[in-house]
There are 2 protein chains.
Amino acid sequence: MSHDSSSERITTELRAWITTAAPGAMLPSTRALVAQYGASPVTVQKALRTLAGQGLVESRPGVGTFVRTVRLARPNDYGWQTAALGAPAHPVPQLSTALRNTPADVIALHSGYPDRELLPERLVRAALSRAVRSSAAVSRSPAAGLPELQAWFAAELGAGAPAGIAPPVPTDVVVLPGSQSGLGTAFRALAGAGRPLLMESPTYWGAILAAAQAGVEVIPIPSGPQGPDPEDLVRAFEQTGARAFYAQPTFANPTGAQWSPALADQVLDVVRRHGAFLIEDDWAHDFGITSEAAPLAARDDSGHVVYLRSLTKSVSPAVRIAGIIARGPARERILADVQAETMYVSGVLQAAALDVVTHPGWATHLRSLRQQLGVRRDLLAAAVRDHLPEAHLPALPRGGLNLWVRLPDATDVVRLVRDCEQAGVMVAAGNEWFPAEPTGPYLRLNYAGVNPGAFPEGARIIGRALAGQRRHPEPSI
Amino acid sequence: MSHDSSSERITTELRAWITTAAPGAMLPSTRALVAQYGASPVTVQKALRTLAGQGLVESRPGVGTFVRTVRLARPNDYGWQTAALGAPAHPVPQLSTALRNTPADVIALHSGYPDRELLPERLVRAALSRAVRSSAAVSRSPAAGLPELQAWFAAELGAGAPAGIAPPVPTDVVVLPGSQSGLGTAFRALAGAGRPLLMESPTYWGAILAAAQAGVEVIPIPSGPQGPDPEDLVRAFEQTGARAFYAQPTFANPTGAQWSPALADQVLDVVRRHGAFLIEDDWAHDFGITSEAAPLAARDDSGHVVYLRSLTKSVSPAVRIAGIIARGPARERILADVQAETMYVSGVLQAAALDVVTHPGWATHLRSLRQQLGVRRDLLAAAVRDHLPEAHLPALPRGGLNLWVRLPDATDVVRLVRDCEQAGVMVAAGNEWFPAEPTGPYLRLNYAGVNPGAFPEGARIIGRALAGQRRHPEPSI
């Protein structure tokens with residue numbers, strides 16, 4: 001048995017013993033525990049440290065280790081906080097289903113993150129190990145990020161710049177601890193509390209959450225499998241005076257839409273004519289399947305496109321790194337917000353992220369990822385067609401991690417999600433992706449989660465739950 | 001020469017060559033570079049990757065590596081952004097001097113961070129290495145943090161709870177990517193945009209920055225070497241209807257004040273009577289010299305104290321981890337804000353932070369740190385007394401990283417800071433620590449920076465600049 005698992009076993013057994021012991025009781029000595037468990041003193045001490053860290057025991061040096069005296073908690077009345085806090089200024093949506101962790105035996109189609117087997121795990125561990133040995137482990141990064149990482153973000157976007165368009169420069173980049181904080185920053189810096197912000201609808205629930213927190217007034221712009229209609233956009237800009245539009249032009253979450261080059265031109269044109277910003281969230285840049293991401297920001301050097309690029313989902317959820325690229329005064333406004341919010345980002349994570357994306361193995365990984373995502377997408381789509389014949393699945397997405405499935409009109413999605421969960425399948429109700437009322441019953445099904453072999457079984461269970469709902473319509477209470 | 005430094009040398013030399021080369025010029029082949037530098041192909045390729053990452057070269061597989069065609073940037077006019085952005089809703093202060101990086105030959109008394117030699121570097125590298133090998137490197141942390149780290153934060157605070165006070169439980173803790181984001185979160189969640197927030201004055205400039213970003217109305221409460229006067233606090237609560245007071249009761253930044261137990265009781269009493277929150281920023285918990293931190297939060301189980309504890313400064317600036325402890329609905333309001341802002345914190349950093357603070361070497365490190373801080377504090381204080389006789393240095397702080405030096409009334413602090421910088425000494429003007437107009441000319445001198453041996457020389461230079469100012473008063477223009 002390894003050192004670690006042996007220490008874990010001792011921790012578990014001692015924890016069980018502690019629950020039956022009197023407060024203040026003395027634990028057996030380290031020597032006695034060594035003998036009892038046949039483990040090394042280091043292992044036993046590690047277990048004791050864990051228990052102390054959990055507040056279960058306390059050690060008195062030179063005396064021994066004791067079960068911590070648990071003070072009986074009387075129920076506290078926090079009622080006074082109600083008046084102090086007041087009602088929230090902006091109702092903040094519940095956290096999405098997409099973030100829930102689930103037991104291993106559940107078929108998980110709800111997640112927003114790629115499964116571990118889709119991550120470049122060896123690259124990530126090697127890159128983190130190198131970063132840990134470098135000076136990044138003990139020094140402070142500049143507020144805007146490590147210059148080399150700024151340069152990489154700028155060069156990656158600039159590589160797509162057509163002739164005649166100036167590519168971004170490294171100082172246009174601000175490094176962020178994940179793209180979620182970039183959303184809040186962009187909304188605060190470019191719209192601001194109480195001011196209107198146009199958003200695709202449906203769109204990423206995390207963006208809806210960030211908009212609520214920033215206190216902006218969200219103006220939903222309908223967006224389907226082809227992206228938004230530029231005429232809707234013109235109307236909204238004119239009616240609201242908004243100066244910013246948040247969108248995911250590439251493999252949008254949840255619809256999977258990728259804007260055509262013509263639509264991209266039209267939207268850029270509308271945005272420019274209205275003296276506005278396009279906040280381009282390129283969340284799925286690394287998740288192309290039959291198409292490549294071609295950021296609009298590469299085609300704009302007039303400062304109208306503010307570009308958000310995340311590495312968290314494609315590198316590792318532990319390497320929380322994103323970059324935001326903006327030009328002109330907007331970049332200053334953004335940097336000021338980022339500094340007030342996070343001051344600077346861990347240099348270890350920045351160095352590791354840069355190491356991964358500049359390693360020759362990264363391109364190899366992306367090729368293999370593309371192929372695996374394609375297989376998974378097709379497998380889940382086939383399962384949905386087979387077992388959910390009454391559902392409507394628009395054209396297959398050319399990238400991203402999700403299928404966006406339209407259910408029959410009368411479907412009670414909340415009941416469906418609950419029934420599926422009881423039957424061992426986690427799915428996400430489409431409702432969470434709408435800034436306003438949902439326009440119909442949708443499910444978002446993620447094909448990047450664990451165990452794609454279970455996709456057919458998962459679809460079968462959803463189909464059964466859907467059929468059950470048709471047979472026994474639940475009375476609304 | 002090591003692998004890394006050899007690759008850095010090649011990078012540097014090639015970069016110099018590139019600046020003189022024509023755009024599109026082909027670099028020597030890898031084989032030629034290997035021969036030229038006597039380095040391995042891996043080392044040469046690493047250098048080329050670095051240059052590619054910086055956008056200086058591009059490689060065409062099977063062809064070679066080329067100097068990147070730099071497109072001539074025409075000057076862009078971002079004037080349209082002025083109208084789109086509008087004036088900032090809340091003027092955001094300039095970033096503090098305390099964040100500036102300086103060349104090695106400068107005497108740096110301005111910094112807010114302990115020098116690398118004061119960090120537990122071996123513990124940090126070992127802890128990060130272990131975290132990198134664990135599953136934390138490739139998995140997503142729960143939104144509120146790793147349960148073991150939540151438990152540690154709760155147990156550390158709970159260890160100081162007197163009899164009859166229920167210690168916090170692990171779920172009262174929310175883990176943050178550094179305490180700066182915790183300030184914004186606490187101000188948004190507990191006060192809210194447009195609502196009043198009481199703050200000590202002078203106080204931490206990062207808190208003033210976060211308050212400006214959150215859009216709260218800052219009400220300064222004068223606070224000196226003994227802390228605030230409870231009567232000022234009562235008056236401010238009554239006049240403004242504020243429901244929250246931000247303070248640093250332990251080794252306050254910049255004054256170094258530590259509240260007496262009697263003052264702590266009085267403030268807690270005032271806060272409770274006004275149905276308000278005390279936001280206790282325990283930034284210097286690990287920096288006691290002749291006194292220990294004794295958080296007020298340990299003495300409150302009625303949810304009135306919201307406690308912010310950072311590990312970044314004492315563990316490593318790369319391990320950006322802090323915890324916020326709150327009870328009752330306030331904790332929910334805080335968690336909602338944290339989720340909207342950061343979603344979750346890198347598990348690698350959390351695991352490493354926990355590893356460091358539960359390692360037996362941590363206590364040893366803190367004892368040595370205490371001793372070193374004491375020596376440095378006394379050395380700088382003696383230098384100030386020797387070379388700045390006209391400055392007033394209140395009682396020595398019992399902990400923290402700074403001396404707060406009052407200068408003669410007529411001193412032009414901005415000029416003094418500039419003159420010192422020109423003479424090779426970085427100091428921070430006290431002005432940055434006042435939410436409103438400064439009440440006098442102050443310097444904050446940090447004794448945790450590089451090279452304490454230079455403290456006397458630093459003080460001598462400040463003294464000379466001060467004397468020069470007396471001899472040649474600058475006309476105000």
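One structure accompanies this document, and this report is about it. Computed from a predicted model, the values in this text were never measured in an experiment.

## Quick look at the relation of the copies chain B and chain A
With an RMSD of 0.3 Å, the fit of chain B onto chain A corresponds to turning through 180° and sliding 0.1 Å along the axis. Each copy turns onto its partner about a two-fold axis. Judged by C-alpha distance, serine 129 of chain B is the residue of chain B that lies nearest the rotation axis, at 3.0 Å. By residue overlap, the copies meet face to face through one surface: 100% of the interface positions of chain B are interface positions in chain A.

## Some words on the packing of aromatic side chains
All chains considered together, the criterion is met by 20 aromatic pairs over all chains. Residues tryptophan 404 of chain A and phenylalanine 434 of chain A carry aromatic rings whose centres are separated by 6.1 Å and whose planes lie at 40° to one another, so their mutual orientation is tilted. Within this pair, whereas tryptophan 404 of chain A is found in strand 12 (residues 402-406), its partner phenylalanine 434 of chain A is found in the loop between strand 14 (428-429) and strand 15 (442-446), the two being separated by 30 residues in sequence. A residue is classified by how much of its surface remains accessible, and tryptophan 404 of chain A, at 8% relative accessible area, is buried. A relative accessible area of 6% places phenylalanine 434 of chain A in the buried class. A centroid spacing of 4.5 Å and a plane angle of 5° characterise the contact between tryptophan 404 of chain B and tyrosine 442 of chain B, whose relative ring orientation is stacked. Taken together, the positions of tryptophan 404 of chain B in strand 12 (residues 402-406) and tyrosine 442 of chain B in strand 15 (residues 442-446) put the pair 38 residues apart, joining distant regions of the chain.

## A closer look at the pattern of salt bridges
A side chain of one charge can pair with a side chain of the opposite charge if their charged atoms are brought near each other. What the rule picks out here adds up to 44 salt bridges over all chains. Between arginine 460 of chain A and glutamate 457 of chain A there is a salt bridge, with the nearest N and O atoms lying 3.2 Å from each other. In this pair, arginine 460 of chain A and glutamate 457 of chain A both sit in helix 16 (residues 455-471), three residues apart, roughly one turn of the helix. A relative accessible area of 32% means that glutamate 457 of chain A is categorised as partly exposed. As a salt-bridge pair, arginine 376 of chain B and glutamate 117 of chain B come within 3.3 Å of each other at their nearest N and O atoms. Separated by 259 residues along the polypeptide, arginine 376 of chain B in helix 14 (residues 360-387) and glutamate 117 of chain B in the loop between strand 3 (107-108) and helix 5 (121-133) bring together distant segments of the chain. Its relative accessible area of 3% is what places arginine 376 of chain B among the buried residues.

What counts and how
Residues numbered from 1 in each chain as written. Chains lettered and ligands numbered in written order. Predicted model: local features only at pLDDT ≥ 70, side-chain atom pairs only at ≥ 80, totals over all residues. Heavy atoms only, no water. Least-squares fit on C-alpha atoms with pLDDT ≥ 70 in both. Contact = heavy atoms within 4.5 Å. Phe/Tyr/Trp six-rings, centres within 6.5 Å; stacked < 30°, edge-to-face > 60°. Helix = DSSP H or I, 4+ residues; strand = E, 2+ residues; numbered from the N terminus. Buried < 20%, exposed > 50% of the residue type's maximum accessible area, 1.4 Å probe, protein only. Salt bridge = Lys/Arg side-chain N within 4 Å of Asp/Glu carboxyl O.

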